[in-house]
Amino acid sequence: MKEYLKMAWRNLGRNRRRTAITTASVLFAVFFATVEQSFHLGIWHNLLENVLHSYTGYLQIHASGYQENKNFDYTFPWNEDTEKALHVSKDIKALIPRLESFALASSGERTKPVIVAGIDPGKEYGFSHLPEKLAQGKMLEPEDQGALLSRRLAEYLKLKVGDTLLMISQGYAGTSAAGIFPVRGIVRLPAPEWDNQMVYLTLPTARQFYSAENMLTTLVVDLRNPSTLEKTAGKLSHTLGSHFEVLTWKQMLTELYQQYISDVGSGYILLGLLYLIIGFGIFGTLMMMLNERRYELGVMTAVGMKKRKIAVLISTEVVLLAFLGILLGIAAALPVMLWFHHHPVTLSGTMAKTMEIYGMEPEIPALLEPGFIFKQGIAVLLLTFMALVWPVISVFRLSPVKALRR
Amino acid sequence: MEIISLKNLTKTYREDSIEVTAVSDITLSFAEGEFTAIVGPSGSGKTTLLNLIGGLDAPTSGEIVVNGTNLARLSSSQLTDFRLWNVGFVFQAYNLIPVLTARENIEFIMHLQNKPVHERRKRASELLQAVGLADRAKSRPSKLSGGQQQRVAVARALAPRPRFILADEPTANLDSHSAENLLEMMEKLNREENITFIFSTHDPRVMKKARRIITLEDGKVLRDEQMHK
Ligand SMILES: Nc1ncnc2c1ncn2[C@@H]1O[C@H](COP(=O)(O)OP(=O)(O)O)[C@@H](O)[C@H]1O
Ligand SMILES: [Mg+2]
């Protein structure tokens, strides 16, 4: 192989201009693709981090069937021991327990159906951005008997900090639930559908209200790194067995996921086109190279070099060329990505406003992740192998007698 | 001792439905140690005949037996190996791999044979010495004169210690002085090392050096003469 590498390298030096042009085209494609992906995925990474860390999380555990029918038939008991047993993977950063249900909230004349989230304040605040959204009053204490209201709901019910909220609902096992809760604080939630109907209680208070001692409906799994999502989901699902459902945000927030897919997909179509052009470029270079060297390849066959070895030589040349382009492309893209990773592009105009409404910083940090950078390299190598198919066939079909008659 | 035997050898090419019989019913044999010229005008079938003997082309009919091996029995990959181990080829021009130096060109053949490095080194040095180019070992073909390139080609052809060397108009692109030099070198190798040479030419001065001259015309053997010196 050393011999082939040497020959391949020198052959690339024969037509420096063509080698440079082909390498440059691969370089450009890899550079463009990597930087494009870095921003494209960076936008989504940023968006998902914000959206998912406001409530849903990347991953949730429920009793099997809860996602379909959100009621108390699908709760599960929970304590510290079972929690410890669930730390199956070091990719799990924290487990955030919740008891979620519905209730009818009222105050004075006004009544409204609401979502009640029983939370563990310490764990919840460590996971979500909730404390940053406090508009009035204070957050719930661990053993708090009071409630935290979303802003629009508070406005609708005409409640202020210190007032009392009345809620009635159906509790665990068909019991009826009723309770009064002093309003401790008001939070401004970014998404209107949440801001219209959220009531936070502490977990003990919620359990008491619903007579659901020890029960949970939801366990949010916080990950150290979102890229381990599918892996961790698989592990958890395996550990927990069929009594539980382990759902990723893709299954819970299906609309958002559809948007994600179609947006990222359109990016791939663009890249696909770009790579197709590069693939044809490599193919063209190869065919020219073969044509110019027909006589030489004829001599090589005549003196006893097997076609297979000639094919290896030609392939080595092109793969070397592709590698050169890939490495240079990544080398060129890295500083750009690094810069924009640390100095995010700041948006202005409507886009920025929309993002601010959703509680996000209006900036796009470039995503720096070995995974997709690596994929660009693999894509170019695959293309190179595809571009090699026909040239290799024509090497095998080369007749030395014809090649030598010039 | 007979090393090559051709029986009723015919090769017909078909190009755009026109049939050309390049070699027509040739029966010949060659012995070890020969120094033979194949002569004849352009298009008389010299190249085709040499290609057939060397296992580079397959006959339309007839038989080629080299060192007791009937070439018709070999697959195309076996023929490649046959050429690698038994035949030394020298063509009219551009014999060498341009990206390899003179020494590397010679070693390349032995590399294909998986010979160990030290053996390759040693043999390449010997051969460069033998063709008088020890001082040009590190030159690429483009830095060598036509005559020097042909000498390296002969050295490369000799590298695997083949039974014979087939040279197709090796002097055609050389000036008369270089041509003479090349022929003298080949003759010396033939005399001192008993290497069999079969070469084609239409240069009378080259012909003169041969000990046997086979004249072709329209793919047939017109004359087969032993020259007595
Ligand atoms: N590959 C080929 N295809 C078609 N015709 C060929 C081919 N090779 C040789 N010929 C024809 O066969 C004849 C003999 O050619 P060749 O052996 O090259 O003669 P020489 O070497 O004596 O000039 C010529 O008429 C030539 O055109
Ligand atoms: Mg000829």
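Keep in mind that what you see is a predicted model, and the values were worked out from it rather than measured.

*Asks:* Can you help me understand the site of ligand 1 in this one?
*Replies:* Lining the immediate environment of ligand 1, one finds 13 residues, of which A:R405, B:G43, B:K46, B:T47 and B:T48 sit closest. Site remark: ligand 1 is flanked by residues from chains A and B. In the model, an oxygen atom of ligand 1 is placed 3.2 Å from a nitrogen or oxygen of the B:S44 main chain. Here ligand 1 loses 81% of its free accessible area of 560 Å² to cover by the protein chains. With respect to the detected pockets, ligand 1 is housed in the largest pocket. Those elements that place two or more of their residues in the shell around ligand 1 are strand 1 (2-15), strand 2 (18-31) and helix 1 (46-53) of chain B. Broken down by class, the residue content of the shell around ligand 1 amounts to four nonpolar, six polar and three charged.

*Asks:* Help me out: how do you make sense of the domain arrangement of chain A in this one?
*Replies:* Looking at the assigned domains, one finds that chain A contains domain 1 (2-52 + 257-403) and domain 2 (65-241). Computed from C-alpha coordinates alone, the two centres of domain 1 of chain A and domain 2 of chain A are separated by 48 Å.

*Asks:* I tried to follow the interface of chain B and chain A on my own but got confused; where do I start?
*Replies:* Often, the extent of an interface is quoted as the loss of accessible area upon association of its parts. Listed as interface residues are 27 residues of chain B and, on the opposing side, 21 residues of chain A. Interface area, chain B with chain A, both sides summed: about 2200 Å², of which 64% is carbon and sulfur. Between chain B and chain A we count three salt bridges in total. Of the charged contacts in the structure, one is a salt bridge between A:K306 and B:D81, with a shortest N-O distance of 2.8 Å. The interface formed by chain B and chain A contains seven residue pairs in polar contact (both at pLDDT 80 or more).

*Asks:* Please explain the sheet that holds strand 2 of chain B as it appears in this structure.
*Replies:* By way of backbone hydrogen bonds, the strands of a sheet pair with one another, either parallel or antiparallel. All names here are of chain B. Ordered by their spatial adjacency, four strands build an open sheet running 2-1-4-5, and the pairing between neighbours is antiparallel. Here the strands that pair on one side only, and so sit at the sheet edges, are strand 2 and strand 5 (69-70). Pairing of strand 1 with strand 2 involves 10 bridges; the strand directions are antiparallel. Among the inter-strand pairings, I4 is bridged to a residue of strand 2, identified as F30. Sitting on the sheet, helix 1 touches strand 1, strand 2 and strand 4 (61-66), and the angle it makes with strand 1 is about 125 degrees.

What counts, and at which threshold
Residues numbered from 1 in each chain as written. Chains lettered and ligands numbered in written order. Predicted model: local features only at pLDDT ≥ 70, side-chain atom pairs only at ≥ 80, totals over all residues. Heavy atoms only, no water. Near = heavy atom within 4 Å. Polar contact = N/O pair within 3.5 Å; in protein donor to acceptor, adjacent residues only side chain to side chain. Areas by Shrake-Rupley, 256 points an atom, 1.4 Å probe, with all protein chains shown as cover. 1 Å grid on protein atoms, 1.4 Å probe; cavity = no way out; pocket = protein on both sides within 12 Å on 5 of 7 lines; lining within 4 Å. Sits in = over half its atoms within 2 Å of the grid points. Helix = DSSP H or I, 4+ residues; strand = E, 2+ residues; numbered from the N terminus. Nonpolar A, V, L, I, M, F, W, Y, C, P; charged D, E, K, R; others polar. Domains from an automatic or database assignment. Contact = heavy atoms within 4.5 Å. Buried area = accessible area lost by both parts, 1.4 Å probe. Salt bridge = Lys/Arg side-chain N within 4 Å of Asp/Glu carboxyl O. Pairing = 2+ DSSP bridges. Axes fitted to C-alpha atoms, helices over the stretch in contact; angles between N-to-C directions.

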